[in-house]
Amino acid sequence: MRKQKRWVIIPVTTAVLLALAGCGGQDTNTAAEHTPSATAGDQIGSGNNSIDSTASQSNAGGATSNTDTSNGDTATTSNTETSGTKSRSAETSQHEATISDVVKEIRSQAKMKNVVMPTSFNLEKGKHLGAYIGTNTAADFQVNFYATDKALPVNDSSLSSSSGLTPLASYEVKTYKDPDSTGIFPETDLNNIPQEMTVDLGHGIKGMVEGAAGSQYLTWMEGRWTLQIRSVSEDNMNNPGIAKKMVEYLESHTLPAPKDKGFVSVNYPSGGKSVNVVISWQNGQQIHQLKTSLVPNEALGIVASVK
């Protein structure tokens, strides 16, 4: 008698688990916001956001562990991990949606035609983005951004200048008849830096160190941007170390391309425990400017999201 063939049926749940293993729930919206396009040579950074690579590595690890479904216990763990990843992704998406809604509302109220502004902020967990428009004309626009404990409508009275709250950042676009007369942008020539004043900042970038009137300065250029760190001499701040971190950060985050010039000013007051960052760039008769007390790389991240 001929033996009958036996057919083995693979449970559907196993196939489903294998499919879920490839879904890391990566949020690509945030990464996209950090890499606005710009003309090569005029922008800072390559445009490759480091958040993308970190998320990809995390997801790859998750996929490897989830494919092992040889027994019931492992399958249960895989389901739990996948569910947790999807939940975290949902929280991130909701967080970004809140910021996106605020930016969208600001745009709808702005009287300046085609105004660009920051679209991404590194908020602490549980915080919301608040905004109050201080100046709003066809020629000039200014808005303060805040980290608030609850969601508030744009221009909520609790965020007015009389509230005494310190802004997370202030951003403005101002139109000038003669932008060159503002004195915002220094004349910088770093073509022939004396050897004793030269510092290697990495990625082929050289900076110039100098001291004057009790202050230490470190200046370098990337494209049409001039970047400068100032600190008090007696504080012995590690300006080169700070600059190297900024240079490294800008290898993966792209600043807007100024059609004329740009300037990043990082100023550490006496004591070095706080910082004032002002990032300015000129586009025709308009000067865009961000002011914040956030650390330099966070300030750079906000400007990198301007679009």
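Structure: see above.
Parameters and conventions
- Residues numbered from 1 in each chain as written.
- Predicted model: local features only at pLDDT ≥ 70, side-chain atom pairs only at ≥ 80, totals over all residues.
- Heavy atoms only, no water.
- Helix = DSSP H or I, 4+ residues; strand = E, 2+ residues; numbered from the N terminus.
- Buried < 20%, exposed > 50% of the residue type's maximum accessible area, 1.4 Å probe, protein only.
- Contact = heavy atoms within 4.5 Å.
- Areas by Shrake-Rupley, 256 points an atom, 1.4 Å probe, with all protein chains shown as cover.
- Axes fitted to C-alpha atoms, helices over the stretch in contact; angles between N-to-C directions.
- Parallel < 35°, antiparallel > 145°, perpendicular 65-115°, else oblique.
- Left-handed = near helix turned anticlockwise from the far one by under 90°.
- Nonpolar A, V, L, I, M, F, W, Y, C, P; charged D, E, K, R; others polar.
- Pairing = 2+ DSSP bridges.
- Polar contact = N/O pair within 3.5 Å; in protein donor to acceptor, adjacent residues only side chain to side chain.
- Phe/Tyr/Trp six-rings, centres within 6.5 Å; stacked < 30°, edge-to-face > 60°.
- Salt bridge = Lys/Arg side-chain N within 4 Å of Asp/Glu carboxyl O.

Visitor: Any chance you could break down the overall build of the protein for me, citing the residues and the numbers?
Guide: Counting its secondary structure elements, the protein contains six helices and ten strands. The proportion of buried residues among the 307 residues of the protein is 36%. Long-range pairs, those at least 24 residues apart, make up 59% of the contacts in the protein with a sequence separation of at least 6. Looking at the protein as shown, the accessible area adds up to about 17200 Å², and 50% of this sits on carbon and sulfur atoms.

Visitor: Which residues make up unusual backbone geometry, and what are the values?
Guide: Positive phi is not limited to glycine here, since Asn 114 has a value of about 55 degrees. Note that Asn 114 resides in the loop between helix 4 (72-109) and strand 1 (128-136).

Visitor: Provide a residue-level description of the packing of helix 5 (residues 239-249) against helix 6 (residues 296-304), including the pertinent values.
Guide: The geometry of helix 5 relative to helix 6 is characterised by a closest axis approach of 10 Å and an angle of 25 degrees between their N-to-C directions. Of the possible angle classes, the one that applies to helix 5 and helix 6 is roughly parallel. Taken as a pair, helix 5 and helix 6 cross one another with a handedness that is right-handed. Across the interface between the two elements, Ile 242, Lys 245, Met 246 and Tyr 249 of helix 5 pack against Pro 296, Asn 297, Leu 300 and Gly 301 of helix 6. Taken together, the residues that form the contact of helix 5 with helix 6 break down as five nonpolar, two polar and one charged.

Visitor: So what's going on with the pairing of strand 6 (residues 215-222)? Which residues, and what values?
Guide: Of the strand pairs in this sheet, strand 5 (residues 205-212) and strand 6 are connected by five bridges, and their pairing is antiparallel. Across the sheet, the residue bridging to Glu 210 is Tyr 217, located in strand 6. Counting the residues between successive antiparallel strands, the hairpin from strand 5 to strand 6 contains two residues, one of them, Ala 213, with a positive phi of roughly 50 degrees. Pairing between strand 6 and strand 7 (residues 225-232): eight bridges, direction antiparallel.

Visitor: How would you explain the sheet that holds strand 2 (residues 140-148) if you had to name every residue and give the values?
Guide: Ordered by their spatial adjacency, ten strands build an open sheet running 1-2-3-10-9-8-7-6-5-4, and the pairing between neighbours is mixed. Edge positions in the open sheet fall to strand 1 and strand 4 (198-202), since each of these has one partner strand only. Sheet twist, expressed as the mean angle between neighbouring strand axes with direction ignored, is 20 degrees. Most of the contacts of helix 6 go to strand 9 (residues 276-283), to which it runs at about 30 degrees, and overall it touches strand 3 (169-175), strand 8 (262-267), strand 9 and strand 10 (286-292).

Visitor: Just give me the short version of the side chain of Thr 292, but keep the residues and values in it.
Guide: In this fold, Thr 292 is placed in strand 10. In this structure Thr 292 comes out as buried when scored by relative accessible area, which is 6%. Here Leu 294 takes part through its backbone nitrogen, which lies 3.1 Å from a polar atom of the side chain of Thr 292. Ignoring sequence-local partners within four residues, the contact set of Thr 292 consists of Leu 168, Ala 169, Val 275, Asn 276, Val 277 and Ala 299.

Visitor: Outline the packing of aromatic side chains, supporting the account with residue identities and numerical values.
Guide: What the rule picks out here adds up to three aromatic pairs. When the ring of Phe 121 is compared with that of Phe 145, the centres are 4.7 Å apart and the planes differ by 45 degrees; the resulting orientation is tilted. Placement of Phe 121 in the loop between helix 4 and strand 1 and of Phe 145 in strand 2 is noted, with a sequence separation of 24 residues between them. Owing to a relative accessible area of 0%, Phe 145 belongs among the buried residues under this scheme.

Visitor: Which residues make up the pattern of salt bridges, and what values do they have?
Guide: One pass over the structure, following the stated rule, counts three salt bridges. We note a salt bridge from Lys 127 to Asp 149, for which the minimum N-O separation is 2.5 Å. Linking Lys 127 in the loop between helix 4 and strand 1 with Asp 149 in the loop between strand 2 and strand 3, this pair joins segments that are 22 residues apart in sequence. By relative accessible area, Asp 149 is classed as exposed at 62%. Note that Lys 206 is salt-bridged to Asp 200, the shortest N-O span being 3.8 Å. On the basis of relative accessibility, which here comes to 45%, the residue Lys 206 falls in the partly exposed class. Overall, the relative accessible area of 43% leaves Asp 200 in the partly exposed class.

Honestly, it's all geometry; don't read function into it.
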